[in-house]
Amino acid sequence: KKEEGHGAESTALSRTHVKHSGVVRILDSRLHSRSIARPADIRSTMRSVLVKLLVLAVAAIDRRADAFSSLAGVTARSVESGDDIDLGDFLSASSSGGDKSMVILGTYAADFNAIEYGQRLRYYLPELKKRGITKVGFVLNCEEESARKLCEMLDLEDESVTLMVDPLGAAGRKFGVGTGWRADDDEMSPYLKLFGMLFGLGAWATLPAVIGGYIGNPFAPQKWIEDALAVGQRKNRWPDNALELDEATGEVSLNKFTELPVVGEWPRRPLELATLRLQNMLDISIKNWKELAPSQDALDAGVLTQLGGCIICQDNGDVLFDYKDPGICAVA
C-alpha cells in the first residue's frame, strides 16, 4: 500500500510537471512571438498616433481658418462714428504698435457674459498691448446708447478699444456662437429659454461656471475680479464691503477675502467671484434693465439666449486664438 501510494503520488507529480511544463512552453512560445512582433507593433501604433495627430492638427487649422472667414464681409456699427465696420478687415488690418487684433463678440448689454467680457478686457488690456494686441473691437448686441452706458459703468474707456454694436446679433451667429436652448422654437418665451439655460440646457458650462464662483479655485488666479469689485465699490454698487479702498487714491488696500482661514491664501477665494456677480446682477443688470435690455426685434432674433465669443488674428489674417462661450458666465 505504501508503494502503491508512493506510485500514485509520483504519477500525480509527473502529470503536474507535464502540465506545468506545457503551460511554460505555451507561455514561452507566446512571449517569444510577442517579443518578435513588438517592434512592428510599436511602429504601427506610432504611425496610427501620428496620423491621428496630423488629422487633428489639420482640423484645428481648418477650424481656425473658418473662424476668420466666417467674419469676412460681416459688419458691426461703430458707436463713435456710426459707420459700418467689416470685422474681417478689422482683424486683418495692421495697427500702430502691434501686429495682432482682437474682436470680442459680446451679448446684449445687461447680460452676465457681456459684463464679464468688459470687466476682463478693462483689466487685461495693458497686458494685451504688451503682447502686440493693440487693436480691440468690442461688439455688443444692443443699441449705441446701451453700449455707451455699459462701458461707462465698467470704466472701460480706452482709445485702443473700438466699441461696436450689432443689435440683432448677426455677427455672432455668423461666427458660430451658441444660440442657447430651443433656439428654433418660436412659440416658447425667450425668458423661459433663458431660465432653462441657467440650469445648463443648451449651455452645458453654465452650472460649472456659476458653482466655481462660489467654491473658488486654489490653482488659477483671476486678478480681474478684484479690479472689477473695486470699480463697483467706487461707483457705490452693492455689496460694497468686500474690499477696503484707500480714501485718497481709491486703490485696494485690503481684500477681505484674503482674511478667510486657509482658503484666503488661494489665488481665487471662495465667494469672491460670486460676490462680483451679485454686484453685477443687482446694480448693473437689474437696476439699469430699461437702458440695457434688448429691444423686441432683438428678442425676436434670439439675442436674449445668444452666447458670445472672441477671436485674435495676425495682421495677415492668421487666427491665433478663437473661443465660443459654452455657457452663461463661461467667457474667455
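Located above this text is the structure these notes cover.
Parameters at a glance
Residues numbered from 1 in each chain as written. Predicted model: local features only at pLDDT ≥ 70, side-chain atom pairs only at ≥ 80, totals over all residues. Heavy atoms only, no water. Helix = DSSP H or I, 4+ residues; strand = E, 2+ residues; numbered from the N terminus. Buried < 20%, exposed > 50% of the residue type's maximum accessible area, 1.4 Å probe, protein only. Contact = heavy atoms within 4.5 Å. Areas by Shrake-Rupley, 256 points an atom, 1.4 Å probe, with all protein chains shown as cover. Core = buried A, V, L, I, M, F, W, Y, C linked by side-chain atoms within 4.5 Å. Salt bridge = Lys/Arg side-chain N within 4 Å of Asp/Glu carboxyl O. Pairing = 2+ DSSP bridges. Axes fitted to C-alpha atoms, helices over the stretch in contact; angles between N-to-C directions. Right-handed = clockwise from strand over helix to strand, strands pointing away.

Caption draft 1: Geometry of the overall build of the protein chain. When you go through the protein chain residue by residue, the secondary structure sums to 11 helices and 9 strands. Each of the 332 residues in the protein chain was classed as buried or not, and the buried ones make up 43%. Sequence-distant contacts, at least 24 apart, represent 69% of the contacts inside the protein chain between residues at least 6 apart. Summed over all atoms, the accessible surface of the protein chain reaches about 18400 Å², with 57% contributed by carbon and sulfur.

Caption draft 2: Examining the nonpolar core more closely. Among the nonpolar cores identified, the biggest contains 44 residues, and Met102, Leu121, Phe138, Leu140 and Leu150 are the most heavily contacted of them. Going through the elements one at a time, β3 (100-105), α3 (112-130), β4 (133-140), α4 (144-154), β5 (161-165), α6 (190-197), α11 (296-301) and β8 (309-314) are the ones with two or more residues in this core. Among the elements that line this core, the one with the most residues is α3, at 6 residues. Methionine 102 has contacts with Phe90, Leu91, Leu121, Leu128, Ile133, Lys135, Val136, Gly137, Ile311 and Ile312, leaving out every residue within four places of it along the chain. Counting 19 residues, the second largest nonpolar core, distinct from the first, contains Val74, Leu87, Val103 and Cys313.

Caption draft 3: Structural detail: the pattern of salt bridges. If you walk through the whole model with that rule in mind, you get 13 salt bridges. Residues arginine 77 and glutamate 143 are paired through a salt bridge, measuring 3.4 Å at the closest nitrogen-oxygen approach. Taken as a pair, arginine 77 in strand β1 (residues 75-78) and glutamate 143 in the loop between β4 and α4 lie far apart in primary sequence, 66 residues in all. What makes arginine 77 partly exposed here is its relative accessible area of 24%. A residue is classified by how much of its surface remains accessible, and glutamate 143, at 40% relative accessible area, is partly exposed. The residue aspartate 99 makes a salt bridge to lysine 100 at a minimum N-O spacing of 3.1 Å. We classify aspartate 99 as partly exposed; its relative accessible area is 30%. The class of lysine 100 is buried, set by a relative accessible area of 19%. Through salt bridges with shared partners, a single network forms among Arg77, Glu143 and Glu144.

Caption draft 4: Quick peek at the sheet that holds β4. Pairing is mixed in the open sheet, where 7 strands are placed in the order β2-β1-β5-β4-β3-β8-β9. Both outer strands of the open sheet, β2 (84-86) and β9 (319-324), are each paired with one neighbouring strand and no more. When strand polarity is set aside, the average angle formed by the axes of neighbouring strands in this sheet is 30°. Two strands pair when backbone bridges link them, and β4 and β5 are joined in this way by 5 bridges, in the parallel orientation. The residue bridging valine 139 from the neighbouring strand is methionine 164, located in β5. In the packing of α3 onto the sheet, the strands contacted are β3, β4, β5, β8 and β9, and the crossing angle to β4 comes to about 170°. Packing against the sheet, α4 makes contact with β1, β4 and β5, and its axis sits at approximately 140° to β5.

Caption draft 5: Looking closely at the pairing of β5. Of all 5 residues that make up β5, 4 are buried, and the element is covered over most of its length. Where β1 meets β5, 2 bridges bridge the pair, whose relative direction is antiparallel. Paired with serine 78 across the bridge in β5 is methionine 164. Handedness of the β4-α4-β5 crossover: right-handed.

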